[in-house]
Amino acid sequence: MKVAVIGGGWAGLAAAVELTEKQVETTLFEAGRQLGGRARSLTSDGRRLDNGQHILLGAYRETLALMRRVGVDPEQLLDRRCLQVIDNQGFRLALPKLPAPLHLAWGLLGARGVGLREKVGTALWMARIKNRHFRLQHDMTVAEWLDQAGQTGTLRQHLWEPLCLAALNIPAARASAQLFANVLRDSLGSNQRAATDLLLPRVDLGQLLPQPAAAWLTAHGARLRLGQRVRQIDLGEQCVMVDGESFDHVILATAPQHALRLCPEIAADFDYEPIATVYLQFGQQFKLPFPLINLNGNCGQWVVDRGNGLLACILSGHGEWESLHDDQLGTALLGELNVAEKPLWKKVIREQRATFSSTPGLSRPPWATTHRRLLLAGDYTWSDYPATLEGAVRSGLRAGASLAKAAPEQVKIIVV
Ligand SMILES: Cc1cc2nc3c(=O)[nH]c(=O)nc-3n(C[C@H](O)[C@H](O)[C@H](O)COP(=O)(O)OP(=O)(O)OC[C@H]3O[C@@H](n4cnc5c(N)ncnc54)[C@H](O)[C@@H]3O)c2cc1C
């Protein structure tokens, strides 16, 4: 069986690894010169950076497993920390290394800047939604959900709303409560304490998955066609033609706007949210008290300490920051960071269509299409999650596994 995977982001890579491991003849087409898609590294002014700061969670089970499959040790390349939400206005919630759910109860109880009544109310609310398996009767905005739950105090402002923006890349006033609840289910609501851990990359994104996956795929006989943008897919009864080349099946693993261009019948017409990452380089000795701080500002949301004096400030979702030019952004962020020191160097990277907008009741296309030779993969097809690396990887594994299952058994002839 010959399969074409179109798109070399984390979804396409996952699909290609799954297929190749099951000895399916796989060709991966990637329009860019490098793999990784929306989670890739790049070189700017001679420095290795990411197209955007990414944060992983211990709950990213399949992503971590995929890294191991291609020979990467996630514990080496990711800085694993117990979750702490700290901001520059005195709020702090730190989860201790206790078994779940004790760690959450203890963390809530010890939260700084929150009254006891609110802590107890929140613990009871968490217990209630856990009992309902994090299923809402109907979807609504996160803001409406928090209102209904009486979550209107400090924890809303310093915990839930920042977590919503971080996880869904859209403010609580527009975000889907069900998708946020799903994220809570697999992190704070998980029975595995490690699921809540923060995993901050120690290396650039290319080294986390795209480069080792490419090496693994090549070593295992898959074909990688970098810099080859697919222009046309012709679906037939006997085969599918990808730019005139014949395959048995195709997995379309591009972002939704690109999938639509190739297959206009796919229901993937979304709105999108931007993300900007502002890198600020200070002297080598510059250090944040914890590697992830919530800025809770008008401009930036989170700042990550990348080590050696490099900070990555994250600006998520639509906002006034979009109208500021790069120098203005830098100045606004220095104010929010409350740093008097001038950065030695800075770089702003804007991704206009970073993620689809995870709004309430969003309709997402099924991964199996009406044509048996065409499957979809990509973060937007993993309808349980907002746009995340884990959703992308799971979608790719699912598409790859479903085709690999259909492939005839490999026959081994043993000569004695
Ligand atoms: C700045 C930023 C920050 C983010 N932060 C986080 C985070 O902290 N945590 C998290 O979990 N997620 C985060 N995300 C989301 C995450 O990066 C995405 O959900 C994930 O990378 C999507 O992967 P994908 O494979 O589905 O799609 P993509 O990464 O979009 O991959 C699709 C690939 O298809 C290729 N392609 C398109 N058209 C064609 C064609 N015609 N022929 C061949 N190739 C084609 C593209 O070049 C691309 O490489 C962030 C995203 C951005 C942009």
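Criteria and cut-off values
Residues numbered from 1 in each chain as written. Predicted model: local features only at pLDDT ≥ 70, side-chain atom pairs only at ≥ 80, totals over all residues. Core = buried A, V, L, I, M, F, W, Y, C linked by C-beta atoms within 7 Å. Buried ≥ 20, exposed ≤ 12 C-beta atoms within 10 Å, placed from the backbone. Contact = placed C-beta atoms within 7 Å. Near = placed C-beta within 6 Å. Helix = DSSP H or I, 4+ residues; strand = E, 2+ residues; numbered from the N terminus. Nonpolar A, V, L, I, M, F, W, Y, C, P; charged D, E, K, R; others polar. Domains from an automatic or database assignment. Pairing = 2+ DSSP bridges. Axes fitted to C-alpha atoms, helices over the stretch in contact; angles between N-to-C directions.

**Comments concerning the nonpolar core**
Here is a general trend for soluble globular proteins: nonpolar side chains tend to be buried in one another's company.
Now for step 1: Counting 113 residues, the largest nonpolar core has Ala15, Cys164 and Ile251 as its most contacted members.
Now for step 2: The residues touching Ile251, leaving out its near neighbours within four places in the chain, are Val3, Val5, Ala15, Leu375, Ala377, Ala399 and Gly400.

**A few points about the site of the ligand**
Now for step 1: The full set close to the ligand counts 37 residues, and Gly7, Gly9, Ala11, Gly37 and Gly52 are the nearest of them.
Now for step 2: Contributions of two or more residues to the shell around the ligand are made by helix H1 (10-21), strand E2 (25-30), helix H11 (256-262), strand E15 (272-281), strand E19 (345-356) and helix H13 (389-406).
Now for step 3: Grouping the constituent residues of the shell around the ligand by class yields 16 nonpolar, 15 polar and six charged.
Now for step 4: Counting the residues that make up the shell around the ligand, at least three belong to each of domain 1 (2-46 + 55-72 + 203-270 + 362-406) and domain 3 (272-356).

**Structural notes on the sheet that holds E15**
Now for step 1: Pairing is antiparallel in the open sheet, where five strands are placed in the order E16-E17-E18-E15-E19. In this open sheet, the two edge strands, each paired with only one partner strand, are strand E16 (292-294) and E19. Direction aside, neighbouring strands of the sheet carry axes that sit 20 degrees apart on average.
Now for step 2: Relative to strand E18 (residues 310-316), E15 runs antiparallel, the two sharing seven bridges.

**Looking at the domain arrangement of the protein**
Now for step 1: Entries for the protein in the domain assignment read domain 1 (2-46 + 55-72 + 203-270 + 362-406), domain 2 (83-196) and domain 3 (272-356).
Now for step 2: Each partner contributes to the interface: domain 2 provides 13 residues, whereas domain 3 provides 14 residues.
Now for step 3: Elements with a minimum of two residues in the side of domain 2 that touches domain 3: strand E7 (84-86) and helix H7 (154-168).
Now for step 4: The greatest single-element share of the side of domain 2 that touches domain 3, amounting to four residues, is contributed by H7.
Now for step 5: Here the residues of the side of domain 2 that touches domain 3 sort into seven nonpolar, five polar and one charged.

**Regarding the environment of Ala143**
Now for step 1: Relative to the helices and strands, Ala143 is located in helix H6 (residues 142-148).
Now for step 2: On the neighbour-count criterion, Ala143 (19 C-beta atoms within 10 Å) is partly exposed.
Now for step 3: For the pair Ala143 and Thr381, spaced 238 residues apart in sequence, the C-alpha separation works out to 25 Å.
Now for step 4: Discounting chain neighbours no more than four positions away, the residues touching Ala143 are Ala172 and Ala173.

**Comments concerning the sheet that holds strand E6 (residues 78-81)**
Now for step 1: Spatially, E5-E9-E6 is the arrangement adopted by the three strands of the open sheet, whose pairing is antiparallel. The open sheet has two edge strands, strand E5 (56-57) and E6, and neither has a second partner.
Now for step 2: Inspection of the sheet shows E5 paired to strand E9 (residues 198-201) by two bridges, in the antiparallel sense. Residue pairing for E9: Leu56 is matched across the bridge by Leu199.

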